[in-house]
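Take a look at the letters that make up each chain.
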Amino acid sequence: MTADLDKAYWLGLLISVVLPVLVGLVTKRVTHAGVKAVLLLALSTLNGFLVELAHPGPDYNVGTAVVLSLVAFGTGVLAHFGLWKPTGVSTKAQESLGGGRRAA
């Protein structure tokens, strides 16, 4: 069995790794975590459906788009807790646009 993924799938995977930083840019540090999670889910869903739309195939498969959305969300959550949060990128992204800095 060989895995042959098109460029659209690889680009979608890369975007799903960066999505938590994008969520951090558009939210504040004081924003409830549930709101951030729903925003990440919405962006992941959009990513999954757009990747399937960009896939150069004969037809559009909604089932594949749903699976891609779930993979994008899972990858985004793992990237947030495994990469962006421990390195401080998540915090810096939220503070970059005046997102609720803590008083010194």
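Cut-offs and rules
- For every chain, the first residue of the written sequence is number 1, and numbering continues from 1 onward in sequence order.
- Under the rules for a predicted model, residues below a pLDDT of 70 receive no local features and side-chain atom pairs below 80 are neither given nor counted, while totals for whole chains, interfaces and linings still include all residues.
- Side-chain measures here rest on the full set of heavy atoms in the structure, leaving out hydrogens and waters.
- Numbering of helices and strands starts at the N terminus; helices are DSSP runs of H or I of at least 4 residues and strands are runs of E of at least 2.
- To estimate how far a helix should extend, the number of its residues minus one is multiplied by 1.5 Å.
- Exposure is judged per residue with a 1.4 Å probe applied to protein chains only, and the accessible area is read against the type maximum: over 50% gives exposed, under 20% gives buried, and values in between give partly exposed.
- The arc refers to the directions leading from the helix axis to the C-beta atoms.
- The axes used here are C-alpha line fits, helices contributing only the stretch in contact, and every angle between their N-to-C directions lies in the interval 0 to 180 degrees.
- Here a crossing is called left-handed whenever its near helix is offset anticlockwise from the far helix by less than a right angle, and right-handed whenever the offset is clockwise.
- Whether two residues are in contact is decided by their heavy atoms: any pair within 4.5 Å suffices.
- Each patch is assembled from residues with relative accessible area greater than 30% and no salt bridge, linking like charges that lie within 9 Å and nonpolar side chains (Val, Leu, Ile, Met, Phe, Trp, Tyr) that lie within 5 Å.
- All accessible areas in this document rest on Shrake-Rupley with a 1.4 Å probe, and a residue is counted as covered only by the protein chains that are shown.
- Only one rule defines a salt bridge in this text: a Lys or Arg side-chain nitrogen within 4 Å of an Asp or Glu carboxyl oxygen.
- Counting of polar contacts relies on pairs of N or O atoms within 3.5 Å, with two restrictions inside protein: one atom must be capable of donating a hydrogen and the other of accepting it, and residues adjacent in sequence are counted only when both atoms are side-chain atoms.

## Details of helix α2 (residues 33–54)
For step 1, the next point in the chain: With 22 residues, α2 ought to run about 32 Å at 1.5 Å a step, and its terminal C-alpha atoms sit 31 Å apart, in line with that.
For step 2, the next point in the chain: Buried within α2 are the following residues: K36, L40, S44, N47, G48, V51 and E52. The buried residues of α2 occupy an angular sector of 135 degrees when the element is viewed end-on, so they sit on one face. Counted as exposed and oriented over 90 degrees from the buried face of α2: V38 and L53.

## Observations concerning the packing of helix α1 (residues 7–26) against helix α4 (residues 89–96)
For step 1, the next point in the chain: At a closest axis distance of 6 Å, the pairing of α1 and α4 adopts a crossing angle of 35 degrees. Considering the relative orientation of α1 and α4, their crossing is right-handed. Residue-level inspection shows V21, G24 and L25 of α1 in contact with α4, the latter providing V89, A93, Q94 and S96.

## Let's talk about the environment of E95
For step 1, the next point in the chain: With respect to the secondary-structure elements, E95 resides in helix α4.
For step 2, the next point in the chain: Distance from E95 to R29, taken between C-alpha atoms, is 7.6 Å for residues 66 residues apart in sequence.

## Section: a nonpolar patch on the surface
For step 1, the next point in the chain: Judged by side-chain polarity, L46, L50, L53, Y60, V62, V66 and L70 come together as a nonpolar surface patch covering roughly 670 Å² of accessible area.
For step 2, the next point in the chain: Those elements that place two or more of their residues in the nonpolar patch are α2 and α3 (62–87).

## A closer look at the environment of T75
For step 1, the next point in the chain: Position of T75 among the secondary structure elements: in helix α3.
For step 2, the next point in the chain: Taking the C-alpha atoms as reference points, T75 and V17, separated by 58 residues in sequence, lie 6.1 Å from one another.
For step 3, the next point in the chain: Setting aside residues up to four positions removed in sequence, T75 forms contacts with L13, S16 and V17.
For step 4, the next point in the chain: At 2.7 Å, the side chain of T75 forms a polar contact with the backbone oxygen of V71.

The values are spatial; any link to function lies outside them.
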